[in-house]
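Analysis of the macromolecular model
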Amino acid sequence: MKEIDLRSDTVTRPTKEMLQAIMTAKVGDDVYKEDPTVNELEKKLAEMFGKDEALFFPTGSMTNQAAIKLHTQPGEQLICDKWAHVYNYEGGGVSFNSGVSCKLVDGDRGMITAEQVEESINPPDFYHSPLTTLVCLENTTNKGGGACYDLEEIKKIRQVCNKHELGLHLDGARLFNALVKKGESAKDYGKLFDTISVCLSKGLGTPMGSVLIGDSRLMKNAIRIRKVLGGGMRQIGFMAAAGVYALENHVERLAKDHQRATEIAEVLEEQKYVGKVEPVETNIVIFYLENVSMEESFMKQLADNDIRISNMGQGKLRIVTHLDYTQEMHERFLETLHNIEL
Ligand SMILES: *Cc1c(COP(=O)(O)O)cnc(C)c1O
């Protein structure tokens, strides 16, 4: 029996075709900017988003951290949702790398409104408080269960940022899920954000890599910050080739992951042992059992069937669908959910 791993969309292995693209990539030393495949990937993403420049990084934490560094000075403050990845899951990098604090907003499933942003800005003349200089949004939200922003709300946030001269950064680790779900274009996002980070190693299924996209004004220092963070890589065109391949072949298929996540949520809703299921918009399902004490037995029965999901604590369970989750696995998983007894 093949293991069904639904802990995250980062668990995927490169497909045969992607491996072929990796094996045949033309490479050079990217620290000298001489890797043709990295240059191709960066150009492709910059154009896709209608921005001047893009820069390849090893991880999404590093693109976010570099962006925060580009936008801020030590002592300043950024605004983000209380569930934001930049605040919760980057090892405290905001303070470690940039000396910046976070004003946390109590948003809805990881999403904040223009009104909340405006209320969170410290008055710039009030020198007792840190100076607010940056807003970070996440789309889709991770801890918020793959929720997608309404583009109209982002436009309003942009206006607030313009009015108060704040930078606007997008943690778009799963932005392609949102684009496919909402039928939006990358250029819509390029127009609204100063910097955008996208991950190639989540739904797109590459072994590694994230890209930071922005205009030259901000990006001119990005390569130095990447160096400082230890993110300068050499013949990394092999991984960029996986990215180019994924952008051409793995974007539209995200709809399949979304469909399967919706079907999983529907089956969970019908089960007596399930309490609440959060609304599903993309490839993440967050749900709670009827009773927290059922968790151990639930996880064990899944494990007995070679199925793994994430326990996020406080009764929160998470399922993420992805490229390596096949229709056959999907059917077996749904059947297992029906058969669990608690
Ligand atoms: C995965 C993820 C990242 C980046 O994570 P890395 O593991 O550092 O690549 C950033 N933001 C969000 C919302 C994520 O889900």
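See the structure shown above.
The structure presented is a predicted model; accordingly, all values stated were derived computationally and were not measured.

Here we take up helix 13 (residues 254–270). The first and last C-alpha atoms of helix 13 sit 25 Å apart over 17 residues, in line with the 24 Å expected at 1.5 Å per residue. Within helix 13 the residues assigned to the buried category are L254, D257, H258, R260, A261, I264, A265, V267 and L268.

Attention now moves to the packing of aromatic side chains. The tally for this structure, following the rule as stated, stands at 4 aromatic pairs. Seen from their ring centres, F49 and F176 are 6.4 Å apart, and the 75° between their planes marks the pair as edge-to-face. Residue F49 is located in helix 2 (residues 36–49), and its partner F176 is located in helix 8 (residues 175–182); the two are separated by 127 residues in the primary sequence. Judged by its relative accessible area of 6%, F176 falls in the buried class. Ring geometry for Y273 versus F298: centroids 5.6 Å apart, planes at 45°, classification tilted. On the criterion of sequence distance, the pair formed by Y273 in the loop between helix 13 and strand 9 (274–277) and F298 in helix 14 (residues 295–304) is long-range, its members being 25 residues apart. An identical accessibility class is assigned to Y273 and F298; each is buried. Put simply, the rings of Y273, F287 and F298 pair up and form one aromatic cluster. Sitting over the ring of F57, R226 keeps its end group 6.0 Å from the ring centre.

Time to look at the sheet that holds strand 12 (residues 310–313). The pairing of strands in a sheet comes from backbone hydrogen bonds and takes either a parallel or an antiparallel form. Read across the sheet, 4 strands follow the order 9-10-13-12 without closing on themselves; strand pairing throughout is antiparallel. Every interior strand has two partners, whereas the edge strands, strand 9 and strand 12, have only one. If you compare each strand with its neighbour and ignore which way they point, the axes differ by 35° on average. Summarising the sheet, strand 10 (residues 284–289) and strand 13 (residues 316–320) pair through 4 bridges and their orientation is antiparallel. Paired with F287 across the bridge in strand 13 is L317.

Our focus in this paragraph is the sheet that holds strand 5 (residues 132–138). The 7 strands are arranged 2-8-7-6-5-3-4 in an open sheet whose pairing can be described as mixed. At either end of the open sheet lies a strand with only one pairing partner, and these are strand 2 (53–57) and strand 4 (101–105). The average angle at which neighbouring strand axes cross in this sheet is 20°, direction not considered. Bridge count for strand 2 against strand 8 (residues 210–214) is 5 bridges, and the pairing is antiparallel. The partner of E53 across the bridge, within strand 8, is G214. Packed onto the sheet, helix 3 (residues 60–71) meets strand 2, strand 3 (77–81), strand 5, strand 6 (167–172), strand 7 (195–199) and strand 8 and runs at close to 25° relative to strand 8.

Within the largest apolar cluster, 55 residues are counted, with the highest numbers of intra-cluster contacts made by L45, F49, F56, L137, F176 and Y189. At 7 residues, the largest contribution of residues to this core is made by helix 12 (residues 237–249). Dropping the residues within four chain positions of it, Y189 is found in contact with F49, N139, L151, I154, L170, L175, L179, E184 and I196. A265, V280, L317 and I319 belong to the second-largest nonpolar core, a separate cluster that totals 27 residues.

Cut-off values and rules
- Residues numbered from 1 in each chain as written.
- Predicted model: local features only at pLDDT ≥ 70, side-chain atom pairs only at ≥ 80, totals over all residues.
- Heavy atoms only, no water.
- Helix = DSSP H or I, 4+ residues; strand = E, 2+ residues; numbered from the N terminus.
- Expected span 1.5 Å × (residues − 1).
- Buried < 20%, exposed > 50% of the residue type's maximum accessible area, 1.4 Å probe, protein only.
- Phe/Tyr/Trp six-rings, centres within 6.5 Å; stacked < 30°, edge-to-face > 60°.
- Lys NZ or Arg CZ within 6 Å of the ring centre and 35° of its normal.
- Pairing = 2+ DSSP bridges.
- Axes fitted to C-alpha atoms, helices over the stretch in contact; angles between N-to-C directions.
- Contact = heavy atoms within 4.5 Å.
- Core = buried A, V, L, I, M, F, W, Y, C linked by side-chain atoms within 4.5 Å.

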